Amino acid sequence: MVDPDKTGHEEAEMVPEGFKFIKEGKARIIYPSNEDADDVPAFYNPAQVFNRDLSCAVLEEFAVQYKEKNKDFIDKMNSEKKAENPDAEPWKFRTLEALSASGLRSCRYALECDTVDRIIANDISVSAVQEIHRNSKFNDCEKKIEIANKDAIELMALRRAPKLNVPVIDLDPYGSATPFLDSAVQAVNYGGMLMVTCTDMGVLAGNHPEACFAKYGSFPLKAHFCHEQAIRIVLYSIERAANRYGRYIEPLISLHLDFFIRVFVRVHHGKKHVKLSCTKVGNVCRDPQSHGFTHYTLGELQKTENGSKYVPPQVKTASSVPYATNLKQGGPMWLGPLHNHEFVRAVQSRIEDCDENVWTTKVRLCGLLEACLEELNDVPLYYHMQKDFGIVLKFSLMKQQILRSAIINAGYRVSSSHATTDIIKTDAPLNVIWDILRAYVKSKTEDLNLDKVDEHHVKRKILTDVQGDTKISFDIAQDKGLKAIKNVIRFPPLPANWGPKAAARMQMQEGQKLDGKKKTSENKDNDGGVRQLSKRQRIKQNKRAKRRKTEENVPVDPDPALSTSMD
Ligand SMILES: C[S@@+](CC[C@H](N)C(=O)[O-])C[C@H]1O[C@@H](n2cnc3c(N)ncnc32)[C@H](O)[C@@H]1O
């Protein structure tokens, strides 16, 4: 490989005019000098460097663990192959990057993950595949990268073909990964891993609940826990797809980052465990007035004289959300743990050992994984200190540390979340939190200022209620839930223009089409769906798309957001 730090003769010869080279990790790609041009051959977003750095670390750790766990099986398979054909190649650990774009990620996997033997870099776009060829050559990793130009759904559906035997599949689409989940859960090896990105945060966060239901099978609630809720909806969707084929997921690391969701899940198989799925997914009920919420699984496992059976859950929504008059239901979503802490620790120590010049996001990655280790893994969702409690009580509340102490002193656990700041994740029942907050408000003021508050208003109900038997103490507690254990940066400021980016124009082979995936204002405008186009911009873009379609015969669908029907 050409030394990445050299900018000598050899490189200048390889970079065509109008192009530049971009360095990321140990890889470099050749990319148009004008990145904002309408017609870039393949998609590349520098803001996803964090996603790629993390994915390299996770992939290498997973590959090491997978080979170790399956050592006997791999050895047996290799000796059987050798007996049949002495020249047979040994078994290879393959990773499929199903939506590869420029091939940057695949090149990085090839160069930075020593335990991964092969990467299949696939993209439906002809121009993207040309870039993958060029970039894998440029990085001198052609031997490790197999290139495919197929619809990812078809490619993964070829799972019965013994050649596509992949322990890891990476899905990094524009917008939602849901069109690819069905074939991905079937194609990945037993005990293999799916790495899944979803960038349609607007949909997942509850801005378009009907679209979220259509894509993910889950109805999101508009609430301050929307970031973690988005992760849980994606996990639910993967679990449901897996269950249909006798498989189930184990989340290894599940993240909300900047403008997207990235989850790493192990895919197991086994009918007995698949049945348990109904006890891991469920609904959330939230009162928009008091901001209180509760959750319940869709099914419960009940012990019987002869063993156990699955039954519908006992739903205690009303008693779990005191002062609620009008509960709104969201879901279903994943209610189990988001992370496997042992795996997170292993990835974290791998990152700690790496060179900061290669993984430029090292400091942030370590902070993020530390935040994952700190968060309560068995408590779904959280409250925002001011935006939930403060707003309801119309009172400037105590510092986080004091409320956390009070919760711990009352005998419960509390933590922060990697997903956002200023939140309280706790196993304390809501009546305990209201007891604490009521006691605090009363300790700060004698005048509760309720004269003008309607008698049915939730603030009045909370503040005039009889104090429960919660032990109240605002003394600073000594507990790991109180303050960060390691002094690492958890939420560093982000660079300017950090966010989703416009999709590249797709050039497909004749006869190829995008199954179940249309270009919409969400995924065409960006890879995040966070910034929506105005109606005028969409009309303009539609016209441009139609013009292209006729001029170049490239299948670009008009923006469905302009039509009245949902599809
Ligand atoms: C967000 S980009 C991938 C970015 C890349 N993984 C990276 O890290 O830079 C999505 C890519 O998916 C490709 N794509 C979209 N639909 C596809 C399909 N059905 N099959 C294969 N590739 C597809 C697009 O051409 C585009 O290059």
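Owing to the predicted nature of the structure, the values given are computational and were not obtained by experimental measurement.

Chemist: Would you mind going over the environment of Val-185 in detail, with residue names and values included?
Modeler: By the element assignment, Val-185 lies in helix α7 (residues 178–187). For the pair Val-185 and Lys-275, spaced 90 residues apart in sequence, the C-alpha separation works out to 17 Å. The residues contacting Val-185, other than those within four sequence positions of it, are Ile-238, Ala-241, Ala-242, Tyr-245, Arg-247 and Val-267.

Chemist: Describe in detail the site of the ligand, supporting the description with residues and values.
Modeler: If you check the shell around the ligand, you find 27 residues, and the closest are Leu-99, Ala-101, Ile-124, Ala-152 and Asp-172. Within the residue set of the shell around the ligand, elements represented by two or more residues are α4 (104–112) and α6 (152–157). Taken together, the residues that form the shell around the ligand break down as 15 nonpolar, five polar and seven charged.

Chemist: I'd like to hear about α4, residue by residue, with values.
Modeler: By the criterion of burial, α4 is predominantly enclosed, with nine of the nine residues buried. Of all the positions in α4, only Leu-104, Arg-105, Ser-106, Cys-107, Arg-108, Tyr-109, Ala-110, Leu-111 and Glu-112 are classed as buried.

Chemist: So what about the pairing of strand β7 (residues 188–198)? Which residues, and what values?
Modeler: Burial of β7 is extensive: eight of the 11 residues sit out of reach of the surface. Two elements, strand β6 (residues 166–171) and β7, share five bridges in a ladder whose sense is parallel. The partner of Val-168 across the bridge, within β7, is Met-193. In this fold, the crossover linking β6 to β7 by way of α7 has right-handed handedness.

Chemist: Got a sec to walk through the sheet that holds strand β17 (residues 423–426)? Specific residues and values, please.
Modeler: As a general point, the strands of a sheet are linked pairwise by backbone hydrogen bonds and lie either parallel or antiparallel. Read from one edge to the other, the open sheet built from three strands follows the order β15-β17-β16, with strand pairing classed as antiparallel. Each of the sheet's edge strands pairs with one partner strand only, and the pair in question is β15 (383–384) and β16 (414–415). Across two bridges, the pairing between β16 and β17 is antiparallel. From the neighbouring strand, Val-414 faces β17, where its bridge partner is Thr-426.

Chemist: Could you give an account of the confidence of the model for the chain, naming the residues involved and the relevant values?
Modeler: Residues of the chain with pLDDT of at least 70 account for 83%, and the chain-wide mean is 86. In this model residues 515–534 is a low-confidence stretch, pLDDT under 50, and it forms 63 contacts with partners more than four residues away in sequence or in other chains. pLDDT under 50 marks residues 548–567. Its contacts with residues more than four places away, or in other chains, come to 31 contacts. For this predicted complex, the interface confidence comes out at an ipTM of 0.99, alongside a pTM of 0.88.

Chemist: Tell me what's going on with the sheet that holds strand β14 (residues 328–334), and back it up with residues and numbers.
Modeler: The strand order across the open sheet built from three strands is β11-β10-β14, with neighbouring strands paired in antiparallel fashion. Two strands bound the open sheet, and with one partner strand each, they are β11 (293–297) and β14. If you compare each strand with its neighbour and ignore which way they point, the axes differ by 25 degrees on average. With five bridges joining them, strand β10 (residues 281–286) and β11 adopt antiparallel strand pairing.

Parameters and conventions
- Residues numbered from 1 in each chain as written.
- Predicted model: local features only at pLDDT ≥ 70, side-chain atom pairs only at ≥ 80, totals over all residues.
- Helix = DSSP H or I, 4+ residues; strand = E, 2+ residues; numbered from the N terminus.
- Contact = placed C-beta atoms within 7 Å.
- Near = placed C-beta within 6 Å.
- Nonpolar A, V, L, I, M, F, W, Y, C, P; charged D, E, K, R; others polar.
- Buried ≥ 20, exposed ≤ 12 C-beta atoms within 10 Å, placed from the backbone.
- Pairing = 2+ DSSP bridges.
- Right-handed = clockwise from strand over helix to strand, strands pointing away.
- pLDDT = per-residue confidence, 0-100.
- Axes fitted to C-alpha atoms, helices over the stretch in contact; angles between N-to-C directions.

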